[in-house]
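Per-entry structural report
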Amino acid sequence: MRWSAIFQVLFLILLVACEASANLGDPYKILGVGRHATLQEIRRAYKQLAKEWHPDKSNDPEAEKKFVEIKQAYELLADADRRKAYDLHGITNEDAAMFREQHDYSQYGRFSPDPFEEFFGHRFHFDQDISLFHKLSVSTKYFEANILPKSQTVPHLLMFYSDWCFACMKAAGAFKKLIDVLEPLGTSFATINSGHENSLVRKLNVHSIPCVVLILDGKFYVYKESIFSVQRIVEFLRHKLPYKLVPTVQDNNVHNFLSGWNDNRVRALVMEPRGQPRLRYLLSAFHFRFRVAFAFVELNSPHSDAIKERYKVHPNLDTVLIFNEDVSRPVASVSMSDIPLQTLNNVIAANQYLALPRLSSQGMLEGVCPAEWNRPRKRLCVILVTENTNSHDNARQALRKIALESSYNPERVRFAYIFKEKQAEFINALARKDDQETLLRVVIIWRRDTTHIKYEWVDEARLHVHQVNNETADHYNHTKQKLDDTIQRLLRASEALTYEAEVKDLLDEHAQGLVSRIINKVLLTFEYLADNLGREHILPALSVLGTVGFILGVGYLMAYLVRQEEENIKQQQKTKASNNNNGTAKTQSTYVPELKLHELRAEKYNGLVRLLKPGCRTIVLVTDLQSRSKLIPGYHKAVWPYRKNKTLMFSHMLIEKGLAWYTELLRLSLTESRDLKINPRNCIGTVIALNGHRKYFCMYHAKHPETSRGAKRMLKMTRQLSNNYRDPEAGSFLAMESESDSSVSTESEPRILLEENLLDGLSNWLDRLFEGTTHRYYINYWPDFPTK
């Protein structure tokens, strides 16, 4: 079974290879273009013929065959290497790579061997493309542990593939070309089997297989173009590098660029006889961007003649010049027609620090003063303690001059300075107890490991250069001699530094603040959206935004019309009030809304109760024919402050008309079902706040026992009313008279309540109502209001 499956797979792959290598014919005649046609002309001809011969649009029986032939011809001529191979040798298949220098893939031998090679032997000449994917394949764990951290300095291109993907086999040739071109320039490659690493596929937003993803500085960018060619991917990589990584300088601004070393970075000029820098120089600039600032000089431009003359640059060769604090002459230079990447990186790495760098981060400390545990090979670091002020420039300049004139090997002795206010914790760890003053003093340190250092202060090497004339030179020479004597003494294996301290990592002075991180995050978000949102995503998003905007616009228009209508009504009411005064009284400056009291009866019941909108309430006063004229004025006065609240409606109800409804309402609020006998006379002065949407009400009555803390349930309140022996009428409006009233002692007189005093506590109750502290009585439904 196993051997049979292997031969079946082999047969399918050989069949595909044979079909791909079939004789295509003259691709120029197929597309109808000349042999010197440009890529744009070829693409235009292909689009026209593809529309004409597409099987879905043509009824010709040979349409499908013709369409495949057109597509193969276009793919051949669109690839510069295949087109060249056809023009020179007449080759129409994808084996044009055999005419180029073969790439050495032996470095990938650490991966699993090719199963076809093991089975058929080394002399079996089978297409090795898919086996290369397996050799370069990495896991998610390897990606997170190695590729992501290294992407801060080295771009990584990942190819996502699957085992049974013929499109992946077709793209393997282009992937080999890509490795041949970009790997010598400093780009790393890896492949990922999408069938085995599903989580990574989702994380990197891989849309199809095969797919190329660029990992750059911890971020990922998906290559989405349909044409998979070296030129397109090179442009894709160049476009994704940081903006203005290598700016262009000319005669008028080159001095400003070279003088900008105060940012603690070395300056480098890349000079080429072309309009833009090569990708190799861009990748080197990306690799060393934290230590070296690069700029590009176009040698063919007339605006760079002064630069060429000043630094004696050959106009036809690529030249890289590296400068430290001295802008008059470079500290290193390399000039060749094609500078190898390794040579370029070696020159930059050997000169990536200023003559007097600032210890501004732990990474800078590790580079300038690396830890060295071996006592005979002590690596000393001479540090000047300063502050970030112009008054200390003379001291830094004096030590910089000493560093430039020093004859010590940089691998043994380095000079640097540090800002005390930025690295106070580090400096305080080196301060001696007998002398706490460290400013403008020189300390020599030896880092035994990452946390422990040995150090010694050079007491007589204080770089106060405030003297003038001969005194300045004498002071400088004395300081230089004292430093030289101390360094030579400490370099001896038998000598030990006086003090030892444990220090923490330096503060990163280049770390971005909160505002900068937010701005960069926003910019990266826009860049991500622009990169990952295609037309199929943008059009629906625009449609949704347009719909939302239209709805908001219509809503604003309707609100504006309603507001205009309200203003017109107010204006008419003001005019009417002015006319009623017969011209004797002036119209009030502001309109006071009137308070309407509706009578609760059957025809208005639905509008006042059942059909109330969410959040709206109706406040009802219960009266009878005799008390209505006395209670309504007090009720009107109590609710007058709430007249502007559009969620409230105010009404009154005659108990003679609504007794049945009121009785049923109270019965529904009880926890137990029972018949109630309501005394209508005792219900006068009751105020009910009805919430029609949520089906609950709140109640006010002069003798209602509800306090500021609220009551538990209606039944508990009625029992309390019925047991109040001081007031025989308490609870009678709920027909809850106590049977033992006759036997209760009536030693004290009950409190008598007159009609005009029934609403004395209504204002306080309304305050608690709108605070939400009154008790709510929930019901299942609103009872019908009697029609008679």
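Residues numbered from 1 in each chain as written. Predicted model: local features only at pLDDT ≥ 70, side-chain atom pairs only at ≥ 80, totals over all residues. Heavy atoms only, no water.

Some thoughts on the pairing of strand β7 (residues 318-323)
So the rule is basically this: To sort residues, take the accessible area from a 1.4 Å probe on protein chains only and compare it with the maximum for the residue type: under 20% means buried, over 50% means exposed, and anything in between is partly exposed. For the purposes of this entry, the term helix denotes a DSSP run of H or I that reaches at least four residues, the term strand denotes a run of E that reaches at least two, and both are numbered from the N terminus. Pairing between strands is defined by DSSP: at least two bridges between them are needed.
Extensive coverage of β7 is indicated by the burial of six of its six residues. Burial of β7 is two-sided: the residues D318, V320 and I322 facing one way and the residues T319, L321 and F323 facing the other way are all buried. Where strand β5 (residues 266-272) and β7 come together, five bridges link them in antiparallel fashion. Residue pairing across strands places L269 opposite L321, the latter belonging to β7. As paired strands, β7 and strand β8 (residues 332-336) are joined by five bridges and run antiparallel to one another. If you follow T319 over to β8, its bridge partner there is S335.

A word on the side chain of S361
For the record, the criterion: The definition of a polar contact used here is a pair of N or O atoms within 3.5 Å, where within protein one atom must be able to donate a hydrogen and the other to accept one, and adjacent residues in sequence count solely through side-chain atom pairs. Should any heavy atoms of two residues lie within 4.5 Å, those residues are counted as being in contact.
Residue placement: S361 occurs in the loop between α15 (341-350) and α16 (362-368). Among the polar contacts made by the side chain of S361, one reaches the main-chain amide nitrogen of M364 at a distance of 3.2 Å. In this structure S361 touches L506, L507 and D508, once residues within four positions along its chain are discounted.

Focus on the nonpolar core
Selection rule: By convention a nonpolar core is built from buried Ala, Val, Leu, Ile, Met, Phe, Trp, Tyr and Cys residues, the set being connected through side-chain atoms within 4.5 Å.
Counting 51 residues, the largest nonpolar core has L157, L182, L279, F294, V320 and I322 as the members making the most contacts within it. Counting residues in each nonpolar core, the second largest holds 26 residues, with L356, A398, I402 and L440 among its members.

Observations regarding helix α4 (residues 63-78)
Keep this limit in mind: Every helix has an expected span of 1.5 Å times one less than the residues it contains.
In this model, α4 (16 residues) spans 22 Å end to end at C-alpha, consistent with the 22 Å of a helix rising 1.5 Å per residue. Residues of α4 that are buried: A63, F67, I70, A73, Y74, L76 and L77.

Quick notes on the environment of Y499
Here Y499 is to be found in strand β13 (residues 499-502). In this structure Y499 touches R432, I453, K454 and Y455, once residues within four positions along its chain are discounted.

Considerations on the sheet that holds strand β18 (residues 696-700)
Here is the rule: In this analysis, axes come from line fits to C-alpha atoms, helices being fitted only over the stretch in contact, and the angle between any two N-to-C directions falls in the range 0 to 180 degrees.
Read across the sheet, six strands follow the order β14-β16-β15-β17-β18-β19 without closing on themselves; strand pairing throughout is mixed. The open sheet has two edge strands, β14 (597-599) and β19 (777-778), and neither has a second partner. Relative to strand β16 (residues 648-654), strand β15 (residues 617-623) is paired through seven bridges, and the arrangement is parallel. The partner of T618 across the bridge, within β16, is M649. Running at roughly 130° to β14, helix α22 (residues 602-610) makes contact with β14, β15, β16 and β17 (687-691) of the sheet.

Concerning the confidence of the model for the chain
When pLDDT drops low, the exact placement of atoms in the prediction is not to be read closely. Filter applied, for reference: Known as pLDDT, the predictor's confidence for each residue is given on a scale from 0 to 100.
Residue-level pLDDT values for the chain average 78, and 78% of them are 70 or greater. The low-confidence segment residues 728-750, where pLDDT is below 50, has 35 contacts with residues more than four positions distant or belonging to other chains.

Description of the state of the cysteines
Between two cysteines, a covalent bond joining their sulfur atoms is known as a disulfide. Stated precisely, the cut-off is as follows: Note on disulfides: each one is a pair of cysteine sulfur atoms within 2.5 Å.
Tallied over the full model, the rule gives one disulfide. Two residues, C369 and C381, share a disulfide whose sulfurs are 2.0 Å apart. Here C381 lies in strand β9 (residues 380-386) and C369 lies in the loop between α16 and β9, a separation of twelve residues in the sequence. C369 gets classed as buried once you look at its relative accessible area, which sits at 5%.

Details of the environment of R377
Following the sequence through the fold, R377 ends up in the loop between α16 and β9. As a C-alpha pair, R377 and R412 span 35 residues in sequence and 7.6 Å in three-dimensional space. The residues contacting R377, other than those within four sequence positions of it, are E372 and R412.

Considerations on unusual backbone geometry
Note that the residue after I209, namely P210, is joined by a cis bond; omega there is 0°. Not every positive phi belongs to a glycine, and N205 is a case in point at roughly 60°. You can see N205 is positioned in the loop between α10 (198-203) and β3 (211-216). Here N205 falls in the partly exposed class, since its relative accessible area comes to 33%. In this model, D217 sits at a positive phi of 55°, which is unusual for a non-glycine residue. Within the fold, D217 resides in the loop between β3 and β4 (219-222). Judged by relative accessible area, D217 falls into the partly exposed class, the value being 29%.

Details of the environment of H134
Counting through the fold element by element, H134 comes out in helix α7 (residues 129-135). Placed 27 residues apart in sequence, H134 and Y161 show a C-alpha to C-alpha distance of 9.4 Å. For H134, the side chain forms a polar contact with the side chain of Y161, separated by 3.3 Å.

Some details on the packing of aromatic side chains
The following threshold applies: Only Phe, Tyr and Trp rings are paired, with Trp represented by its six-membered ring, and only when their centres lie within 6.5 Å; those with planes under 30 degrees apart are stacked, over 60 edge-to-face, the remainder tilted.
Following the criterion strictly, the structure yields 16 aromatic pairs and no others. Taking the centre distance of 5.9 Å and the plane angle of 75° together, the rings of Y605 and W661 count as edge-to-face. Of this pair, Y605 sits in helix α22 while W661 sits in helix α24 (residues 655-669), and the two are 56 residues apart along the sequence. On the basis of an interplanar angle of 45° and a centroid distance of 4.6 Å, the ring pair of Y642 and F770 is categorised as tilted.

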